[in-house]
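These are the residues of each chain, in order.
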Amino acid sequence: MSQALYTFPSLASLRQALQTRQLSATELAQESLAEIDRTRALNAFVHVDAELTLAQARQADALLATGNAPALTGIPIAHKDVFVTQGWRSTAGSNILKNYVSPFDATVVTRLLEAGAVSLGKLNCDEFAMGSGNEHSAFGPARNPWDHQAVPGGSSGASAAAVAARLVMASTGTDTGGSVRQPAALCGVSGIKPTYGAVSRYGMIAYGSSLDQAGPIAPSAADLLELLDPMSGFDPRDSTSAEFCNGVANAPGRIRADFERAQQQYSGGTAGQPLKGLRIGVPREYFGAGLSNDVATAVESALVQFEKLGATRVDISLPRTRLSIPAYYVIAPAEASSNLSRYDGVRYGHRADQYSDLEDMSGRSRAEGFGAEVQRRILIGTYVLSHGYYDAYYLQAQRLRRMIADDFRAVLSAQCDVIMGPVTPTVAKQLGVNNDDPTADWLADIYTLSLNLAGLPGMSIPCGFGAGASGAPLPIGLQIIGNYFDEGRLLAVAHQYQQVSDWHQRIAGQK
Amino acid sequence: MAWEIVIGLETHTQLSTQTKIFSGSSTRYGAQPNTQANEVDMALPGVLPVMNKGAVERAIRFGLAIGATVAPYSVFARKNYFYPDLPKNYQISQMDHPVVIGGSLSFFVGDEEKTINLTRAHLEEDAGKSMHDDFVGPHGESSTGIDLNRCGTPLLEIVTEPEMRSAAEAVAYAKTLHSLVMWLGICDGNMQEGSFRIDANVSVRPVGQKEFGTRCEIKNVNSFRFLERAIQYEVRRQIELIEDGGRVVQETRLYDSERDETRSMRSKEDAHDYRYFPDPDLPPLVIAQGWIDEVRASMPELPASLRARFVSDYGLAPVDAAQLTSSRALATYFEETVRALPAGQAKLAANWVMGEVSATLNREEKDIADCPVTAASLAALLGKILDNTISNKIARDVFAAMWLGENGGQPEAIIQAKGLTQINDAGAIEAMIDKVMADNATIVEEFRAGKVKGFNSLVGQIMKAARGKANPQQVNDLLKAKLES
Amino acid sequence: MALTEQEIARIARLARLQLSPQQLTQAQTELNDILGLIQELQAVDTTGVEPLAHPLSAMTEVHLRLREDVVTETTSLARRDALMANAPGKRDGLFLVPKVID
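Residues numbered from 1 in each chain as written. Chains lettered and ligands numbered in written order. Predicted model: local features only at pLDDT ≥ 70, side-chain atom pairs only at ≥ 80, totals over all residues. Heavy atoms only, no water.

Quick notes on the overall build of chain A
(1) Moving on: A tally of helices and strands in chain A yields 16 helices and 13 strands.
(2) Moving on: Radius of gyration (C-alpha) of chain A: 21 Å, near the 24 Å computed for a compact globule of 511 residues.
(3) Moving on: Across its three principal axes, chain A shows a C-alpha extent of roughly 75 × 55 × 50 Å.
(4) Moving on: Evaluated residue by residue, chain A yields a buried proportion of 68% over its 511 residues.
(5) Moving on: The long-range fraction of contacts in chain A, counting pairs at least 24 apart against all pairs at least 6 apart in sequence, stands at 76%.
(6) Moving on: A total accessible area of about 15000 Å² is found for chain A, and carbon and sulfur atoms account for 49% of it.
(7) Moving on: Here chain A contributes 41 positive and 48 negative side-chain charges, whose respective centroids are spaced 3 Å apart. (Helix = DSSP H or I, 4+ residues; strand = E, 2+ residues; numbered from the N terminus. Rg over C-alpha atoms; globule rule 2.2 N^0.38 Å. Buried < 20%, exposed > 50% of the residue type's maximum accessible area, 1.4 Å probe, protein only. Contact = heavy atoms within 4.5 Å. Areas by Shrake-Rupley, 256 points an atom, 1.4 Å probe, with all protein chains shown as cover. Lys, Arg positive; Asp, Glu negative; His and termini not counted. Charge placed at Lys NZ, Arg CZ, Asp CG, Glu CD.)

Right, dumping it as structure tokens:
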């Protein structure tokens, strides 16, 4: 049987092939390694180590032989380079951690390893997860498989690109302001940011602690479930990890149970109208100026499709949508400025070659090791926390944050069950655009930032194509937002759409 | 110009937990460098803090002991500054919402009782240690070694209102606080090991002035003697500076014990912009009333209440009661002694515990816990005084022998073995008195002529002849009678 | 409220980022642009609104979980070596930094 990943329409079908021994994990891993090597132009991987991967693959094969292998055994995945891993380097896309090898694994990494997944290496990303194009990486930009001159999105750009190019069946990313949803949208794959606290942050190199969440990227919603469920769960090593989700224990199994419950409800419904009764809130602020025509059109078509599935559209308002931008760009840099203080050249990471004293050593090491975008955010973050400005900026932003969360809470469940809209205002831009205007990219985060501020779950699924600047068709994503801990239902809703559409089955470079 | 001294103390007490405040690493003292610092303590990329219940419990205990409010809701905040012994380059501490608010501590300065109000107490993490040895760094540069074992040890920072008015008061407060935290079992009080560190905020102002003068902070004083000297030096320095027309600059200073002076630390202008903000990795600490009640119920009787009881039940002077309650172990020792004696002998027991026992412990650098003379044995010894078997003076010799464990440490056996039984027989004593009087006719004559000083010399000779064993009261009475007849 | 040169220098120092004079000037321009973007915040009336520090506390009571005071880490030289493996300067089990004079 052919071993190229793109021949498998779903993770479940790949699992089937592995578990019935039609395919070995080792052969699969070798094929993935070769494909990664052939597609080096994408610059998706920061660190590949065949030996480490094949060791995992051989173990997977041993498990598969017992007939009692865990659900993800042998499935090729890869981790965004902000998840620390033993063996592979963990750089966070930065020179300051260029040679860093962690003595422990992130919880997400451990859980997926225990589920049997095989890691193909560490994925490129915007430095310290700050960026939306994977252009702010110290190791060069990653590229969009649909158009190598276009960005794959960011900060988990390579996580999305690697899946879009079927170098791996699924990947992990992190989403602080949209960094899983946006690259998924721009690369034509599916991605989900779960509710804050659903997945452990232990071992995730911190950027914006109150905003960061880990999330998987995979071709379809059903594939996402296969990763998100084992990834999720309470972690005693993370004090912000939720023990309970609306009264249900936060543990693997919860999201799957919710998904299946929703599935049953939908398949038990009126024929052809599985989503009858589902109210979809459509925020009018998401369809204002700035949204490009092709995105608006694709999203609208998707909404029509949902209506055909029986759902009802409800016009809602999220009045402070635009204010999420200044709020986020105060809170995230503030937290980052503190989180990144530990990179001082003392215990690990880059240390300058020349320095006169301790302050000089740290000052130079950090100036040399951090890229421009990171330095920018550290500076602004330091400023907004500093004496005299804390109230006007940081506290004010946190108050606005509560108002934004309250806006969502006012509509979710009272007026609608889920919210849908665009993920990005446009398709992927070309590499190198806007590079002299640092904040231009920030404005494009308008549809995704609010969710991180509120802590709500949200996902992106492919819903069409638009015209890229170079003429190549580029993917467009639909965002689906849910209430707290509603990941299971979100995936089920998306799954219904993906059963009557095939955007998620399009593969870059394949016809 | 009459000056008033204004002192506030901030004390960092290392809490006696098994593990660090935010990680499960051991807090045991003396381990090899960096063997008690895990990835959380070292601030490796990706780590997160998890709060130690034992640290919170000790904070609650302290709050209850000083009559403070234990905050039902408190917040951890990041204090951001760069320093090599602070791996995250921020310290997790508490800013706007500390765990303990208010409270007070009473103590004696000489014979006078004083009460100092506390502002607050909060939890925070300790930093690592710089070893200022001359290491050679990777580029040949003169280097300091950093040991992170201490990093993350829980601290309770205890802050007073600036109500102390002399170095003596500050020291008395510090000693009382020191005893209290050990009493409560929340801190081992080992100042050499850095378990109890005092920062003194010192300023002066003309008597009658309402506004405070500019204060200087003397950091990390780790002995009571140095605290006193440091404050005294600093007060003198500030007064002289002002009287010479200068102004006190607000700064941090260190006490140099060798030169007995405080000197300015190399200060950075930005040192005070800590950019505090609530730590996003730690939700608010919520302490339910139920837990506070549980802790209260499990606490030992507090020194203040014990002091009051010693005064009312045993008729002790408050100053003596304070000394006897300076540690739980000492108070227990005292009470056990009293209980083994006939009623009404608390003063005798107090004198001995505060006197001979404490003096010997100090001399031998021992703690009451290691006292070789048990309370029961001490009571037995005191019983021998009470029944006139031996005098108070001889009892001290017996005590010394008990300390060394002679004759099984039993007073009865020692008295017998050394033949120390007091001579109470009037006839025998009179015989000795007669002999001494006969041998010292001149002194006797002089005494009868008004030179009363000679009395003591006669007593001395009689006691010498009796090898100290004559009942002193009887010697006195009988000699007096003979001299006056 | 534009940032002055001194302020940028102060912030860079607080953040331990040693920037050249050109970099400082550029940072000044960029930060002033960013301040322009976030300025919108100031105009919003947030009277009576509590800051939201922990997102889940918008929907449920969130409080700090406490861990039992039990040692869970091993104390060993091997463990130390693993944890210090990435240190740029170390000796005798200590991290080395340029000498700090207090």
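Here we look at empty space enclosed by the protein
Residues and elements named next belong to chain B.
(1) Moving on: Tallied over the full model, the rule gives 8 cavities of 30 Å³ or more.
(2) Moving on: In this model, the largest cavity occupies a volume close to 120 Å³.
(3) Moving on: Around the largest cavity, the lining is made up of 15 residues, and of these F22, V40, P49, K88 and E125 lie nearest the centre.
(4) Moving on: Taken together, the residues that form the lining of the largest cavity break down as 7 nonpolar, 2 polar and 6 charged. (1 Å grid on protein atoms, 1.4 Å probe; cavity = no way out; pocket = protein on both sides within 12 Å on 5 of 7 lines; lining within 4 Å. Points joined across faces, edges and corners; volume = space filled by probe spheres on them. Nonpolar A, V, L, I, M, F, W, Y, C, P; charged D, E, K, R; others polar.)

Describing the environment of D188 of chain B
Residues and elements named next belong to chain B.
(1) Moving on: If you trace the backbone, D188 turns up in the loop between helix 2 (167–183) and strand 13 (196–206).
(2) Moving on: Separated by 21 residues in sequence, D188 and A167 place their C-alpha atoms 24 Å apart.
(3) Moving on: Once you skip the residues sitting within four places of it in the chain, D188 turns out to touch M182, E193 and S195.
(4) Moving on: In this structure the side chain of D188 is engaged in a polar contact, spanning 2.9 Å, whose partner is the backbone nitrogen of N190.
(5) Moving on: Only 2.6 Å separates the side chain of D188 from the side chain of S195, close enough to count as a polar contact. (Polar contact = N/O pair within 3.5 Å; in protein donor to acceptor, adjacent residues only side chain to side chain.)

Here's the deal with the state of the cysteines
All names here are of chain A.
(1) Moving on: Across all of its chains, the model carries 0 disulfides over all chains by this definition.
(2) Moving on: We note that C125 lacks a disulfide partner, and the nearest cysteine sulfur, in C187, lies 14 Å from it.
(3) Moving on: Assessed through its relative accessible area of 0%, C125 is described here as buried. (Disulfide = S-S within 2.5 Å.)

Description of the pairing of strand 6 (residues 213–218) of chain A
Remark: a regular strand shows side chains that alternate across the two faces of the sheet.
All names here are of chain A.
(1) Moving on: Here strand 6 lies mainly inside the structure; 6 of its 6 residues are buried.
(2) Moving on: Burial of strand 6 is two-sided: the residues Q213, G215 and I217 facing one way and the residues A214, P216 and A218 facing the other way are all buried.
(3) Moving on: In the sheet, strand 4 (residues 170–175) pairs with strand 6 via 5 bridges, with the strands oriented antiparallel. Bridging across to strand 6, S171 finds its partner in I217. (Pairing = 2+ DSSP bridges.)

A word on the sheet that holds strand 13 (residues 473–481) of chain A
All names here are of chain A.
(1) Moving on: The strand order 1-3-2-4-6-5-12-13-11-9-10 describes an open sheet built from 11 strands, whose pairing is mixed. Across the chains shown, the open sheet's two edge strands, defined by having one partner strand only, are strand 1 (45–47) and strand 10 (312–316). Between one strand axis and the next, the sheet turns by 35° as a mean value, whatever way the strands run.
(2) Moving on: Along the sheet, helix 2 (residues 25–38) contacts strand 1, strand 2 (76–80) and strand 3 (118–123); its crossing angle with strand 3, the most-contacted strand, is approximately 20°.
(3) Moving on: Here helix 5 (residues 157–164) sits on the sheet and contacts strand 1, strand 2, strand 3, strand 4 and strand 6; the angle it forms with strand 4, its principal contact strand, is near 160°. (Axes fitted to C-alpha atoms, helices over the stretch in contact; angles between N-to-C directions.)

What to know about the packing of aromatic side chains
Residue and element names in this part refer to chain A.
(1) Moving on: One pass over the full model with this rule turns up 28 aromatic pairs over all chains.
(2) Moving on: Summarising the aromatic geometry, the rings of Y343 and F370 are spaced 6.4 Å apart at their centres and angled 85° between planes, so their arrangement reads as edge-to-face. Of the two residues, Y343 is situated in the loop between helix 10 (324–339) and helix 11 (358–369) and F370 in the loop between helix 11 and helix 12 (372–385); the sequence distance between them amounts to 27 residues. As far as burial versus exposure is concerned, Y343 and F370 are alike and both buried.
(3) Moving on: Following the ring pairs from residue to residue traces out a cluster consisting of Y100, F128, Y343, Y348 and F370. (Phe/Tyr/Trp six-rings, centres within 6.5 Å; stacked < 30°, edge-to-face > 60°.)

Section: helix 3 (residues 50–66) of chain A
All names here are of chain A.
(1) Moving on: Under the 1.5 Å per step criterion, the end-to-end length of helix 3 is 24 Å for 17 residues, consistent within 8% with the ideal 24 Å.
(2) Moving on: Taken together, the buried positions of helix 3 are occupied by T53, L54, Q56, A57, A60, D61 and L64. The buried residues of helix 3 occupy an angular sector of 155° when projected down its axis, which confines them to one face. The outward face of helix 3, more than 90 degrees from its buried face, is lined by the exposed residues E51, Q59, A65 and T66.
(3) Moving on: Lining the buried residues of helix 3 we find helix 1 (11–19), helix 2, helix 4 (107–114) and strand 3.
(4) Moving on: The N-capping residue of helix 3, defined by a side-chain oxygen 3.1 Å from the backbone nitrogen of E51, is D49.
(5) Moving on: Directly beyond the C-terminal end of helix 3, a positive phi value near 80° is found at G67. (Expected span 1.5 Å × (residues − 1). Arc of directions from axis to C-beta.)

Here's the deal with the interface of chain B and chain C
(1) Moving on: At the interface, 63 residues of chain B touch 41 residues of chain C.
(2) Moving on: Across the chain B/chain C interface, buried area totals approximately 4400 Å², and carbon plus sulfur atoms make up 58% of it.
(3) Moving on: In this assembly, chain B and chain C are joined by 4 salt bridges.
(4) Moving on: Linking chain B with chain C are 23 residue pairs in polar contact (both at pLDDT 80 or more).
(5) Moving on: Considering only residue class, the side of chain B that touches chain C consists of 28 nonpolar, 20 polar and 15 charged.
(6) Moving on: Of the pairings in the sheet, the one linking strand 2 (residues 51–52) of chain B to strand 1 (residues 66–67) of chain C comprises 2 bridges and is parallel in character. Note on strand 1 of chain C: the bridge partner recorded for N52 of chain B is R67 of chain C. (Buried area = accessible area lost by both parts, 1.4 Å probe. Salt bridge = Lys/Arg side-chain N within 4 Å of Asp/Glu carboxyl O.)

A look at the side chain of R366 of chain A
(1) Moving on: Relative to the helices and strands, R366 of chain A resides in helix 11.
(2) Moving on: Although R366 of chain A lies buried, it forms no salt bridge, and the closest oppositely charged side chain, D344 of chain A, sits 7.0 Å away as judged by the N-O distance.
(3) Moving on: Those residues in contact with R366 of chain A that sit more than four places away from it in its chain are I96, L340, S341, Y343, D344, Q375 and I378 of chain A, F82 of chain B together with A15, R16 and L17 of chain C.

Looking at the domain arrangement of chain B
(1) Moving on: By domain assignment, chain B separates into domain 1 (3–294), domain 2 (301–418) and domain 3 (426–484).
(2) Moving on: Placing the centre of domain 1 of chain B and that of domain 3 of chain B at their C-alpha centroids yields a distance of 62 Å. (Domains from an automatic or database assignment.)

Digging into the interface of chain A and chain C
(1) Moving on: Listed per partner, the contact involves 71 residues of chain A and 49 residues of chain C.
(2) Moving on: Carbon and sulfur atoms supply 66% of the area buried between chain A and chain C, which totals about 5400 Å² over both sides.
(3) Moving on: Counting across the chain A and chain C interface gives 3 salt bridges.
(4) Moving on: Two residues, E359 of chain A and R13 of chain C, come together in a salt bridge whose shortest N-O distance is 2.8 Å.
(5) Moving on: Scanning the region where chain A abuts chain C turns up 21 residue pairs in polar contact (both at pLDDT 80 or more).
(6) Moving on: Sorting the residues of the side of chain A that touches chain C by element identifies helix 10, helix 11, helix 12, helix 13 (391–411), helix 14 (440–443) and helix 15 (449–454) of chain A as the ones contributing at least two each.
(7) Moving on: Examining the composition of the side of chain A that touches chain C, we find that 13 residues originate from one element, helix 13 of chain A, more than from any other.
(8) Moving on: Among the residues making up the side of chain A that touches chain C, the classes are represented as 40 nonpolar, 16 polar and 15 charged.

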